[in-house]
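As a plain string of letters, each chain reads:
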Amino acid sequence: MTAADGVALLGVRHHGPGSARAVRAALDRLEPRIVLVEGPPEADAVLGLAADPGMRPPVALLAHVVDEPSRAGFWPFAEFSPEWAAIRWAAGHAVPVRFIDLPAAHSLLLRDESEAPHGPGARGEEEEGEEGDGGEEEAGAADARIDPLAVLARTAGHDDPERWWEDAVEHRGGDGEGDGDPLAAFGALAEAMGVLRETYGDGGHRGDAVREAHMRLRIREARRAHERVAVVCGAWHVPALARTGGVTADRALLRGLPKAKVEVTWVPWTHRRLSRAGGYGAGIDSPGWYRHLFTSPDRPVARWMTKVAGLLREEDLPVSSAHVIEAVRLADTLAGLRGRPLPGLGETTDAVRAVMCDGSDVPLALIRDRLVVGDVLGEVPRGAPAVPLARDLAREQRRLRMKPEAAEKEVDLDLRKDTDAARSRLLHRLGMLGIGWGRPSRSRTAATGTFRESWRLRWEPELAVAVAEAGVWGTTVESAAGARAEDAAVNARALAELTGLAERCLLAGLPDALPTVMRVLADRAALDTDVAHLAQALPALVRSLRYGDVRGTDAGALREVAGGLAERVCVGLPPACAGLDADGAAEMRGHIVEVQQALVLLGDDALRDRWAGVLRKLAVRDRGIPGLLRGSAARLLLDDARLEPGEVARLMGLALSHGTAPQEGAAWVEGFLAGGGMLLVHDERLLALVDGWLTAVPAAAFDDVLPLLRRTFGGFDPGVRRTVGELVRRGPGGGGAGGAAGEGLPGFAPRLDEERAEAALSIVRLLLGPGGADGGQDA
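Rules used throughout
Residues numbered from 1 in each chain as written. Predicted model: local features only at pLDDT ≥ 70, side-chain atom pairs only at ≥ 80, totals over all residues. Heavy atoms only, no water. Helix = DSSP H or I, 4+ residues; strand = E, 2+ residues; numbered from the N terminus. Buried < 20%, exposed > 50% of the residue type's maximum accessible area, 1.4 Å probe, protein only. Contact = heavy atoms within 4.5 Å. Areas by Shrake-Rupley, 256 points an atom, 1.4 Å probe, with all protein chains shown as cover. Axes fitted to C-alpha atoms, helices over the stretch in contact; angles between N-to-C directions. Parallel < 35°, antiparallel > 145°, perpendicular 65-115°, else oblique. Left-handed = near helix turned anticlockwise from the far one by under 90°. Pairing = 2+ DSSP bridges. Phe/Tyr/Trp six-rings, centres within 6.5 Å; stacked < 30°, edge-to-face > 60°. Salt bridge = Lys/Arg side-chain N within 4 Å of Asp/Glu carboxyl O. Patch = residues over 30% accessible without salt bridge, like charges linked within 9 Å, V, L, I, M, F, W, Y side chains within 5 Å. Lys, Arg positive; Asp, Glu negative; His and termini not counted. Charge placed at Lys NZ, Arg CZ, Asp CG, Glu CD. Core = buried A, V, L, I, M, F, W, Y, C linked by side-chain atoms within 4.5 Å. Nonpolar A, V, L, I, M, F, W, Y, C, P; charged D, E, K, R; others polar.

### Quick notes on the overall build of the chain
Piece 1. Of regular secondary structure, the chain possesses 34 helices and eleven strands.
Piece 2. Burial statistics for the chain: of 779 residues in total, 50% are counted as buried.
Piece 3. Pairs at least 24 residues apart make up 74% of the contacts formed inside the chain by residues separated by at least 6 positions.
Piece 4. For the chain, the exposed surface amounts to about 35800 Å²; the carbon and sulfur share of it is 52%.

### Comments concerning the side chain of E38
Piece 1. Relative to the helices and strands, E38 is located in the loop between β3 (34-37) and β4 (59-65).
Piece 2. Relative accessible area serves as the criterion here: at 0%, E38 is assigned to the buried category.

### Concerning the packing of helix α13 (residues 300-314) against helix α14 (residues 321-337)
Piece 1. Their axes nearest at 9 Å, the elements α13 and α14 cross at an angle of 140°. As summarised for this structure, α13 and α14 are arranged oblique, according to the angle between their axes. Here the hand of the crossing between α13 and α14 comes out right-handed. Residue-level contacts link V301, A302, M305, T306, A309 and R313 of α13 to S321, V324, A327, V328 and A331 of α14.

### Remarks on the sheet that holds strand β11 (residues 452-457)
Piece 1. The strand order β9-β11-β10 describes an open sheet built from three strands, whose pairing is antiparallel. Where the open sheet ends on each side, the last strands, each with one partner, are β9 (409-414) and β10 (438-441). Going across the sheet, the axis of each strand differs from the next one's by a mean of 35°, ignoring polarity.
Piece 2. In terms of strand pairing, β10 meets β11 through four bridges, oriented antiparallel.

### Remarks on the pairing of strand β8 (residues 262-268)
Piece 1. In terms of burial, β8 is largely enclosed, as five of its seven residues are buried.
Piece 2. Judged from the seven bridges that link them, β4 and β8 form a sheet pairing that is antiparallel. In the strand pairing of β8, L62 is matched with T265.

### Quick notes on the packing of aromatic side chains
Piece 1. Across all of its chains, the model carries eight aromatic pairs by this definition.
Piece 2. Plain terms: the ring middles of F80 and Y290 are 6.1 Å apart, the flat faces sit at 85° to each other, and that makes the pair edge-to-face. Taken together, the residues span a long stretch of sequence, with F80 in the loop between β5 (68-77) and α2 (82-92) and Y290 in helix α12 (residues 287-295) at a distance of 210 residues.
Piece 3. Arranged with centres 5.0 Å apart and planes meeting at 85°, the rings of W289 and W304 form a pair that is edge-to-face. Here W289, found in helix α12, pairs with W304, found in helix α13; they are 15 residues apart in sequence, far enough to count as distant.
Piece 4. Members of the aromatic cluster, each reached through a chain of ring pairs, are F77, W84, F99 and W266.

### Quick look at the pattern of salt bridges
Piece 1. What the rule picks out here adds up to 41 salt bridges.
Piece 2. E212 serves as the salt-bridge partner of R197, at 3.1 Å between the closest nitrogen and oxygen. Placement of R197 in helix α7 (residues 184-200) and of E212 in helix α8 (residues 208-225) is noted, with a sequence separation of 15 residues between them.
Piece 3. The buried category is assigned to R197, whose relative accessible area is 5%.
Piece 4. We classify E212 as buried; its relative accessible area is 3%.
Piece 5. For D250, the salt bridge is made with R216, and the minimal N-O distance between the two is 2.8 Å. A residue pair is termed long-range when its members are at least 10 positions apart, and D250 in helix α10 (residues 247-254) and R216 in helix α8 qualify at 34 residues. Exposure class is identical for D250 and R216. Each is buried.

### Describing a negative patch on the surface
Piece 1. A contiguous patch of negative charge on the surface is contributed by D530, D581, D583 and E587.
Piece 2. As for its position among the elements, D530 is in the loop between α22 (514-527) and α23 (531-547).

### Here's the deal with the pairing of strand β2 (residues 7-12)
Piece 1. Across the six residues of β2, six count as buried, placing the element largely inside the fold.
Piece 2. Because side chains alternate across β2, one face comprises the buried residues V7, L9 and G11, and the other comprises A8, L10 and V12, equally buried.
Piece 3. Sheet analysis places β2 next to strand β7 (residues 229-234), joined by six bridges and oriented parallel. Counted as the bridge partner of L9 is V231 from β7.

### Considerations on a nonpolar patch on the surface
Piece 1. Taken together, I763, V764, L767 and L768 make up a surface patch of nonpolar side chains, about 400 Å² in accessible area.
Piece 2. One can find L768 in helix α34 (residues 754-768).
Piece 3. Owing to a relative accessible area of 53%, L768 belongs among the exposed residues under this scheme.

### Observations regarding the sheet that holds β4
Within a sheet, each strand pairs with its neighbour through backbone hydrogen bonds, oriented either parallel or antiparallel.
Piece 1. A sheet is described by the order of its strands in space; here three strands give the open sequence β5-β4-β8, paired in antiparallel fashion. Of all strands in the sheet, those bounded by a partner on one side alone are β5 and β8. Sheet twist, expressed as the average angle between the axes of neighbouring strands with direction ignored, equals 25°.
Piece 2. Helix α19 (residues 463-470) contacts β4, β5 and β8 of the sheet and is inclined by roughly 150° relative to β5.

### A look at the nonpolar core
Piece 1. Judged by nonpolar contacts, the single largest core of 113 residues is most densely connected at W437, L538, L565, L573, I592, W611 and F672.
Piece 2. Apart from the residues lying within four places of it in its own chain, the contact partners of F672 are G631, S632, A634, R635, L638, V648, M652, L679 and L686.
Piece 3. Grouped together as the second largest cluster of nonpolar side chains are 42 residues, V35, A50, I87 and L183 included.

### A short note on unusual backbone geometry
Piece 1. Cis geometry is found at the peptide bond from P57 to P58, where omega equals 10°.
Piece 2. If you trace the backbone, P58 turns up in the loop between β3 and β4.
Piece 3. A positive phi angle, close to 45°, is found at R299, a residue other than glycine.
Piece 4. In this structure, R299 sits in the loop between α12 and α13.

### Topic: the packing of helix α31 (residues 684-695) against helix α33 (residues 718-730)
Piece 1. Packing of α31 against α33 leaves a shortest axis separation of 11 Å and a crossing angle of 75°. One finds that α31 runs roughly perpendicular with respect to α33. Along the contact surface, α31 presents E684, L687 and D691, while α33 presents V724, L727, V728 and R730.
Piece 2. Class assignment for the residues of the contact of α31 with α33 results in four nonpolar, no polar and three charged.

### With respect to the environment of A235
Piece 1. Mapped onto the fold, A235 is located in the loop between β7 and α9 (238-241).
Piece 2. For the pair A235 and V12, spaced 223 residues apart in sequence, the C-alpha separation works out to 4.9 Å.

Now the structure itself:
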């Protein structure tokens with residue numbers, strides 16, 4: 001459509017393949033001397049990269065405020081975007097191309113804090129309404145924009161704006177072959193938008209007037225310098241851009257706008273982010289389908305069915321060429337019955353469901369995820385401007401052969417290998433910086449442990465903003481992660497937060513930051529008198545000491561602090577356990593178990609002996625210490641072979657005596673049996689004590705005791721519960737429970753067979769290694 005002498009306004013739907021084909025055909029007909037495209041003018045400096053062979057859409061322009069990287073906006077382009085088609089046409093014909101939208105220096109500051117995370121200049125937020133795709137509502141009813149495509153669809157008698165647009169635009173040739181005039185569709189659409197704006201006003205969007213004023217000024221400048229000008233913009237803007245005159249009014253609208261210094265570059269984008277389902281409302285639900293329409297001008301339905309069949313075959317579903325033929329026929333028949341010029345996504349989906357999926361929607365979910373939406377990730381040239389941190393990250397990714405991908409991928413790392421260890425350090429450093437490219441996960445292999453790590457990797461476009469934001473900490477990933485760790489240490493509030501941070505520094509390989517973290521940790525630990533805090537902080541330090549050598553890191557700086565924490569826990573634990581209520585006792589029991597496990601890993605015999613003495617104090621005290629903690633301490637000592645079974649039976653008998661309240665006795669049983677119920681299977685004396693106590697609980701107290709016992713025994717494995725039930729049904733003591741250990745018990749001989757035991761001990765020695773079965777003869 002020619003809005004003024006020498007200026008052609010080509011109104012499009014963003015990310016529409018039909019519009020993209022029509023733009024190419026119109027530009028071939030018009031042969032403009034300059035092409036103007038809706039977008040931030042700051043990006044003119046990087047527009048030349050669009051012609052680089054290394055640029056592969058989908059990509060996006062990223063603009064961010066230099067002093068506030070989190071204030072950013074995206075302008076995405078797909079291969080089938082009309083703006084991208086115009087940019088590539090201009091590059092191929094040596095015609096200058098410019099962006100004319102409101103500068104990002106203004107739009108990023110005009111954004112209301114309540115809007116979505118990408119700036120107002122970013123298509124898919126402010127411009128969805130003009131495309132008729134149900135854009136996000138703006139704050140306030142007065143700012144609500146009409147959906148022009150929905151209005152046009154209703155006027156044409158369609159209840160589905162998406163289907164109407166496909167029939168009216170996407171399924172037309174778009175290249176001028178149908179009616180010989182590639183500009184006719186643009187003229188009709190501009191006329192329709194003009195009527196809509198006259199009827200409904202300018203849509204009420206608060207940013208349109210300022211944006212359109214800036215675009216009109218840029219169009220006038222281009223017209224003065226060039227004979228023929230082509231403008232590619234959202235169809236909604238065409239009537240406003242066609243207005244002539246009003247230069248003074250336009251400049252007045254732009255006067256006094258807030259301004260900031262911004263940087264602009266190209267970043268990879270994904271099809272998933274072009275769909276609403278991916279969290280970025282770009283106005284299209286099916287980017288993979290649209291790309292197929294754009295790249296398959298002939299026989300698109302047959303080619304699509306072939307892709308679907310290939311995908312289903314990869315999933316071991318029986319799909320033959322006959323299925324493809326019948327699906328194409330059914331899609332054509334459905335289109336004819338529904339009065340459509342060509343089958344659309346709805347018809348092809350219905351045909352695939354009926355012919356290839358046997359009526360099931362389960363395979364359709366896979367087809368939608370892989371083909372209709374897709375995991376396509378664009379690429380940008382290495383020479384694209386980027387913050388130093390982003391360039392260093394790209395170098396590390398190439399060096400370690402970790403190519404970012406849009407599809408989620410799980411990788412297993414063997415930390416004994418140099419490359420895998422370096423990959424682990426990179427992912428941990430990115431995690432320190434808040435760049436969530438990878439998430440730790442459970443290993444899929446059986447070889448789990450200290451030498452293995454599993455990660456789930458997925459590159460999201462928003463991570464480009466996180467990288468830019470993290471650039472304030474340093475120019476390389478290592479230096480930035482180290483600076484971030486030091487800052488986190490200074491600002492940490494809890495002691496456990498500091499010990500976790502020290503562990504992360506070791507995992508990330510940040511030796512320069514570790515001294516600062518350790519200094520702050522030592523100072524904070526010296527001042528903290530809360531035993532719960534100390535106990536909560538110890539396990540992370542011990543893990544770092546135990547596993548630091550696996551990654552080749554020096555964890556010696558942690559040993560002194562870990563030992564000091566353990567000593568203070570041993571001193572302060574008994575008083576801290578006195579007088580706790582049920583909730584406090586449960587929390588403290590968790591800390592005690594964690595400290596026990598940590599000291600086992602630490603391998604300091606003196607500390608373990610002192611800790612055993614503390615547990616014994618807790619186990620034998622009958623005043624002030626909750627039964628849950630006394631029972632748990634007794635169980636830990638028994639498991640560590642520091643308490644004889646006879647002593648355990650004596651403690652249990654005291655805890656379950658008539659002089660002890662039933663609730664306190666039930667709490668003791670819960671603490672003692674929390675590690676599992678196999679003890680009751682192999683030691684009928686303990687089972688007899690529990691059974692005798694339970695049968696003697698008064699009826700008035702039984703209702704209070706039952707929930708504790710149910711929680712305790714409910715945690716046993718089904719086989720253990722069944723065996724305990726059988727033993728109780730048979731009756732305790734029937735096997736001579738009061739005799740010597742193992743005497744008369746099911747599965748035990750009257751006395752120890754030393755010859756057979758020695759054969760078993762030799763195997764144990766092989767399993768545990770040299771010194772692992774010392775004292776086996778005594779055992």
